[in-house]
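Here's the letter readout for the chains.
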Amino acid sequence: MLKSYEEINQAIKNYYSNKNNIKSNIWRNNFHVEMPFGLMNDPNGLCYYDNKFYIFYQWNPFGCEHKTKHWGLVTTADFINFTNPEIVLKPEEWFDKGGCYSGGAYVKDGTLKLFYTGNVKGINNERKSYQCVVDYNKDWLFEKKGVLIDKEPEGYTSQFRDPMIFENNGIYYMVLGVQTKELKGRALIYESKDINRWSFVGELKTDMKDLGYMWECPNLFRVNKDKVAFMFSPQGLKEEEFKHQNIYQSGYVIGELNLDEVFLNNHTEFKEIDMGFDFYAPQVFNHKGKNIMIGWIGMPDKDKEYLSSEYGWMFGMTMPRVLEYKDNAIYQKPLELLKELRESKIVDFKSQYVDNYSIKLDSRTIECNLDLDINNSDNMELKLKFKDEHISISYSKKDEICIVDRNNMELGGKGVRKFKLKIDKSLKMHMFIDNSFIEIYYQDGLETTTLAYFPKSDDFEIEIKNKVKINKLQIWSLRRINYVES
Ligand code: FRU
């Protein structure tokens, strides 16, 4: 285990300068951002600044446990070339010594400001949460400016964290996740005229009076002129047949935000943003008018399922997804830039009737775009096979149900995830398969499933069961992203 920051910095350099390290085990991903060692969780402070995307994240560089949370940083202009990970916030002040927890960024007058929660635990494990700010100047100096809000308001517990900033009509607002004394999840709004002094405005009033015991990582962003999405990660929802099947969820509602009365009017029902096994704590930022989301590929309190910890690293981040608003729902699309990851086209065909089609592939680092006409078959099953293990994705047309099944994998998390999926004419799946992460977009991003998997073999085959007409099948091998010293 690494013990000092000098050792960590040296280990990062060594790791990225030696190509063999990068493919040190079969679960190392090629095009997903993950850490060379330690535990990575929520994306933080996402923004575009100085012609680059800044991607900060929660990171314990000292080991694979949820403790000593730092903020790490990689920057990129293209999502192919990244700067080496580096530590930018260390939990070493009186107000954050239990962890520099999640938060957001705001770019103002050429300065990048980071807002985060300083977590402090007392001798009897009692928690204190401080909302803090950091200024970044271009000499790579992150300067902690201390505490902005030193305590939760009356009526709430100290589960009070994850500040995100937005501006409306010249006033800055901060939204925070919190728990009431009655143990209900809620979001609070603060405001500021100068971004430095903040005052409490109130609790965001919604119809979700009983939706879990804590809301983590809130995001409020505009989806059109009249409506905003409120996306957050509630904990403690009851599992249902077609939803809320993970221990914790992430999702959104869409409504009209009235900031004067702190009200989200007329909002839709809570809808999960990803129906897979391993997606949590997403963060959204706006770039050139597009809302872009990155989520954490992982899940709190399920550490045992992530076997890469045997090799000293754990979890990663989704690729950036553009959020598009249509018919009161959010559709997710892979960021256009990601097409540059395509190395070569391995498969490309249209209009073909098949009966138990299968194809063996040389690598598990692919993008696969599939369009299946299932008019003549009630059920469809697609298998991602790794020698004698597989993940199955099946669809029942009659019931309009999609099932992702990991029970035939030997290592790591198992189980099934079931969700309702309406299709028109054909079943569309756009898959990004990496060595231990898979992201699938269904029906042009109406639903997605993100999962981690830990196959024993590098063998890889895609099989489409049943008699179906393949309208389109395209497979590309994808490049590995690069890391360079900044
Ligand atoms: C979500 C979360 C946040 C917190 C951070 C700590 O996964 O629990 O609420 O700020 O992780 O790492």
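Keep in mind that this is a model prediction, so the values were computed, not measured.

(A) Quick look at the overall build of the chain. A count of helical and extended segments in the chain gives two helices and 36 strands. Taken over C-alpha atoms, the radius of gyration comes to 22 Å for the chain, in line with the 23 Å a tight globule of 486 residues would show. When the 486 residues of the chain are sorted by exposure, 61% land in the buried category. A fraction of 58% describes how many contacts in the chain between residues 6 or more apart in sequence connect residues 24 or more apart. Here the chain contributes 66 positive and 72 negative side-chain charges, whose respective centroids are spaced 1 Å apart.

(B) Spatial organisation of the sheet that holds strand β11 (residues 156-168). Pairing within the open sheet is antiparallel, and its four strands lie in the order β11-β12-β13-β14. Edge positions in the sheet fall to β11 and β14 (199-203), since each has one partner strand and no second. Taken pair by pair, the neighbouring strands of this sheet meet at an average axis angle of 30°, ignoring direction. Taken together, the eight bridges between strand β12 (residues 171-180) and strand β13 (residues 185-192) define a ladder with antiparallel strand orientation. Bridging across to β13, Tyr-172 finds its partner in Ser-192.

(C) Structural context of the nonpolar core. Among the nonpolar cores identified, the biggest contains 42 residues, and Leu-382, Leu-384 and Ile-462 are the most heavily contacted of them. Counting only elements with at least two residues in this core, the list comes to β26 (342-361), β27 (366-373), β28 (379-386), β29 (389-396), β30 (401-405), β32 (426-433), β33 (437-442) and β35 (460-478). In terms of residues, this core owes the most to one element, β35, which gives seven residues. Those residues within four positions of Ile-462 in sequence are excluded, and the remaining contacts are Tyr-357, Ser-358, Ile-359, Leu-361, Ile-366, Cys-368, Leu-382, Lys-383, Leu-384 and Ile-475. The next biggest cluster of nonpolar side chains, apart from the first, holds 36 residues, and it includes Tyr-15, Met-319, Leu-335 and Phe-432.

(D) Quick look at the site of the ligand. Near the ligand you find Asn-41, Asp-42, Gln-58, Lys-69, Tyr-101, Ser-102, Arg-161, Asp-162, Glu-216, Tyr-280 and Trp-296, and these make up its full shell. Contacts to the ligand include Asp-42, whose side-chain N or O atom sits 2.9 Å from an oxygen atom. For the ligand, an oxygen atom lies 2.8 Å from a polar atom in the side chain of Glu-216. Protein coverage of the free-state accessible area of the ligand, which is 320 Å², stands at 92%.

(E) Looking closely at the domain arrangement of the chain. You can read the domains of the chain as domain 1 (5-337) and domain 2 (343-477). Of the residues lining the interface, 39 residues belong to domain 1; the matching set on domain 2 comes to 40 residues. Carbon and sulfur atoms supply 58% of the area buried between domain 1 and domain 2, which totals about 3300 Å² over both sides. For the interface between domain 1 and domain 2, the tally reads five salt bridges.

(F) Region of the structure containing the environment of Leu-372. Within the fold, Leu-372 resides in strand β27. A sequence separation of 122 residues divides Leu-372 from Ser-250, and the C-alpha atoms of the two residues are 29 Å apart. The contacts of Leu-372, once residues within four sequence positions are left out, are Met-380, Ser-426, Leu-427, Ile-464, Val-468, Lys-469, Ile-470 and Asn-471.

(G) Local environment of the packing of aromatic side chains. If you walk through the whole model with that rule in mind, you get 40 aromatic pairs. Taken together, the ring pairs in this structure connect Tyr-15, Tyr-16, Tyr-48, Phe-53, Phe-79, Phe-82, Phe-285 and Tyr-483 into an aromatic cluster. The ring of Phe-277 is capped by Arg-406, whose NZ or CZ atom sits 3.7 Å from the centre of that ring.

(H) Up close: the UniProt feature "domain: Glycosyl hydrolase family 32 C-terminal" (unreviewed entry) in the chain. UniProt tags residues 340-477 as "domain: Glycosyl hydrolase family 32 C-terminal" (unreviewed entry). For the annotated span residues 340-477, helix accounts for 0% and strand for 67% of the residues, and the straight-line distance between the end C-alpha atoms is 11 Å.

(I) Just the pairing of β13, in detail. For β13, the tally of buried residues reaches seven of eight residues, placing the bulk of the element in the interior. Between β12 and the antiparallel strand that follows it, β13, lie four residues; Leu-183 among them carries a positive phi value of about 65°. As judged from the four bridges shared by β13 and β14, these two strands associate in the antiparallel manner. By the bridge assignment, Leu-188 is partnered in β14 with Glu-203. Here β13 hands over to β14 after six residues, with Ile-195 in that stretch at a positive phi of 70°.

(J) Up close: the side chain of Thr-157. Locating Thr-157 in the fold gives a position in strand β11. Classification of Thr-157 by relative accessible area gives buried; the value is 17%. Within the local environment of Thr-157, its side chain forms a polar contact with the backbone nitrogen of Gln-159, the two atoms lying 3.1 Å apart. Thr-157 has contacts with Glu-152, Val-178, Gln-179, Thr-180, Lys-181 and Leu-183, leaving out every residue within four places of it along the chain.

(K) Structural view of the pattern of salt bridges. Under the counting rule described, the total for this entry stands at 31 salt bridges. Across the pair Asp-226 and Lys-225 runs a salt bridge, and its minimum N-O distance is 3.5 Å. Put simply, Lys-465 and Glu-463 hold a salt bridge, and the shortest N to O gap is 3.5 Å. A relative accessible area of 26% places Lys-465 in the partly exposed class.

(L) Main features of the pairing of β32. Here β32 lies mainly inside the structure; seven of its eight residues are buried. Pairing geometry for β27 and β32, over eight bridges, is antiparallel. Within β32, the residue paired with Asp-371 across the bridge is Lys-428. When β32 meets β33, the two strands line up antiparallel, connected through five bridges. In the strand pairing of β33, Ile-433 is matched with Ile-438. Once β32 ends, the chain turns through three residues before running back antiparallel as β33.

Rules used in this analysis
- Residues numbered from 1 in each chain as written.
- Predicted model: local features only at pLDDT ≥ 70, side-chain atom pairs only at ≥ 80, totals over all residues.
- Heavy atoms only, no water.
- Helix = DSSP H or I, 4+ residues; strand = E, 2+ residues; numbered from the N terminus.
- Rg over C-alpha atoms; globule rule 2.2 N^0.38 Å.
- Buried < 20%, exposed > 50% of the residue type's maximum accessible area, 1.4 Å probe, protein only.
- Contact = heavy atoms within 4.5 Å.
- Lys, Arg positive; Asp, Glu negative; His and termini not counted.
- Charge placed at Lys NZ, Arg CZ, Asp CG, Glu CD.
- Pairing = 2+ DSSP bridges.
- Axes fitted to C-alpha atoms, helices over the stretch in contact; angles between N-to-C directions.
- Core = buried A, V, L, I, M, F, W, Y, C linked by side-chain atoms within 4.5 Å.
- Near = heavy atom within 4 Å.
- Polar contact = N/O pair within 3.5 Å; in protein donor to acceptor, adjacent residues only side chain to side chain.
- Areas by Shrake-Rupley, 256 points an atom, 1.4 Å probe, with all protein chains shown as cover.
- Domains from an automatic or database assignment.
- Buried area = accessible area lost by both parts, 1.4 Å probe.
- Salt bridge = Lys/Arg side-chain N within 4 Å of Asp/Glu carboxyl O.
- Phe/Tyr/Trp six-rings, centres within 6.5 Å; stacked < 30°, edge-to-face > 60°.
- Lys NZ or Arg CZ within 6 Å of the ring centre and 35° of its normal.
- UniProt positions renumbered as here; feature names shortened; annotations may be inferred.

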